[in-house]
Structure formats: C-alpha cells, structure tokens
Amino acid sequence: MADSSFDIVSQLDRQEVDNAVNQAVKEVGQRYDFRGTGASLTLSGDEIVMTANAEERVLAVLDVLQTKLLRRGISLKAIEVGEPKQSGKEVRLAAALKEGISTEDAKKISKIIRDEGPKGVKAQIQGDELRVSSKSRDDLQAVIALLKGKDLEVALQFINYR
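These remarks concern the structure in this document. Given the structure is predicted, the values throughout are model-derived calculations rather than measurements. (Residues numbered from 1 in each chain as written. Predicted model: local features only at pLDDT ≥ 70, side-chain atom pairs only at ≥ 80, totals over all residues. Heavy atoms only, no water.)

Concerning the nonpolar core
The tendency in soluble globular proteins is for nonpolar side chains to be buried as a group. In this structure, Phe34, Leu41, Ile48, Met50, Val61 and Leu65 are the most contacted members of the largest nonpolar core, which totals 26 residues. With seven residues, helix H2 (residues 55–71) is the single largest residue contributor to this core. Apart from the residues within four sequence positions on either side, valine 61 is in contact with Val28, Phe34, Ala39, Ser40, Leu41 and Met50. If you look at the next biggest cluster of nonpolar residues, it comprises 18 residues, including Ile101, Ile113, Leu130 and Leu147. (Core = buried A, V, L, I, M, F, W, Y, C linked by side-chain atoms within 4.5 Å. Buried < 20%, exposed > 50% of the residue type's maximum accessible area, 1.4 Å probe, protein only. Helix = DSSP H or I, 4+ residues; strand = E, 2+ residues; numbered from the N terminus. Contact = heavy atoms within 4.5 Å.)

Section: the layout of surface pockets
Looking at the largest pocket, its volume works out to about 150 Å³. For the largest pocket, the full set of lining residues is Ser75, Lys77, Leu147, Lys148, Lys150, Leu152, Val154, Ala155, Leu156 and Phe158. (1 Å grid on protein atoms, 1.4 Å probe; cavity = no way out; pocket = protein on both sides within 12 Å on 5 of 7 lines; lining within 4 Å. Points joined across faces, edges and corners; volume = space filled by probe spheres on them.)

Looking at the environment of alanine 20
Structurally, the position occupied by alanine 20 is in helix H1 (residues 14–30). Linking alanine 20 and threonine 67, residues 47 residues apart in sequence, is a C-alpha distance of 8.7 Å.

Describing unusual backbone geometry
The phi dihedral of asparagine 160 falls on the positive side, at around 55°, and the residue is not glycine. Within the secondary structure layout, asparagine 160 lies in the segment after strand E9 (157–159).

Notes on the pairing of strand E2 (residues 40–44)
Pairing analysis gives five bridges linking E2 to strand E3 (residues 47–52), with the strands arranged antiparallel. Counterpart to serine 44 in the pairing with E3 is glutamate 47. The loop that links E2 with its antiparallel partner E3 comprises two residues; one of these, glycine 45, has a positive phi angle of about 65°. (Pairing = 2+ DSSP bridges.)

Topic: the environment of alanine 123
Within the element layout of this structure, alanine 123 appears in strand E7 (residues 122–126). Look at alanine 123 and you get partly exposed, because its relative accessible area is 29%. For alanine 123 and serine 134, which are eleven residues apart along the polypeptide, the C-alpha to C-alpha distance reads 9.0 Å. Not counting the four nearest positions on each side in its chain, alanine 123 is found in contact with Ser110, Ile113, Arg131 and Val132.

Interpretation note: all reported values are geometric properties and have no functional meaning in isolation.
Laid out in structure tokens, this is it:
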C-alpha cells in the first residue's frame with residue numbers, strides 16, 4: 001500500500017486580508033473616537049501601514065485591524081507588527097504579512113513530529129512547506145492534532161491530505 005501524506009504550509013488568503021483591511025478602513029472612518037485623529041490604514045504589497053496623530057490612536061487602529069482579521073479567519077501569527085514610529089505630527093505603525101515556513105521553523109516542526117509524533121511518520125522540508133508521510137492515515141491525523149495543540153510562531157494550514 002502506498003504512503004498517505006499531507007503538506008504543512010503557511011499561506012495567506014490575500015482576498016480575505018484585503019477584505020479585512022477594507023472593513024477596518026470603513027470602521028475607522030465611521031467611529032466617533034477616530035474623528036479628527038487623522039487615523040488611516042493602507043495595504044500595499046506585503047505591508048499594512050497604519051497612521052494617526054497619537055500612539056494610542058494608532059494602537060487602537062491596530063486593534064480594529066486585528067479584530068477584522070480574526071473575524072475573517074486569518075491568524076494573527078501571519079502578521080508581524082513593528083514598533084510605532086513618530087514621523088512629524090503623525091505616528092506610523094507598519095505590520096508585515098508573513099507567508100511561508102522558514103527553514104528553522106520547518107526544522108522545529110519536523111523535530112516535534114520526530115520526537116512526539118507516532119513512529120513511522122516522515123517529515124521532509126520542501127522549500128517553504130513541509131511534506132509529512134506515513135503508511136497509516138491515523139498517524140497523520142495524530143500529527144495534525146499534535147501540531148494544532150502546539151503553540152508555534154507560524155500560522156499553519158494542512159493541505160493535500162491524501
């Protein structure tokens with residue numbers, strides 16, 4: 001019998017990110033506590049830039065964005081928020097979008113699978129994803145449950161389960 005396998009990836013649904021940013025822009029424009037603060041939010045490429053006239057206002061915009069991202073099913077581990085920076089009269093905050101599993105994260109995940117997962121499960125690093133294979137589908141289910149229970153610093157999705 002052939003091995004069963006699945007891939008572990010860290011991907012973002014760009015359309016959902018765009019929808020979340022647009023919803024956050026709409027809410028920031030409508031909320032009373034953001035009136036007159038110059039609060040704004042823009043998505044450009046792999047970065048979301050938030051601006052306002054005070055640091056606490058920019059952090060409130062970040063909170064609105066995070067709420068919208070969670071509602072849309074996007075993990076907060078997929079964005080890397082920088083430090084608020086004062087530039088002139090406004091405060092800017094940049095949040096980078098993270099996609100793909102870095103080599104060191106892939107090594108950590110494969111070590112977890114080797115050490116704590118069922119025997120006979122193999123994990124191979126293939127670029128920015130990880131292929132996990134085994135003869136038993138039950139072992140693969142156990143690996144998925146194990147990784148979902150771990151608190152890793154990347155957002156994981158499990159695809160191509162066959």
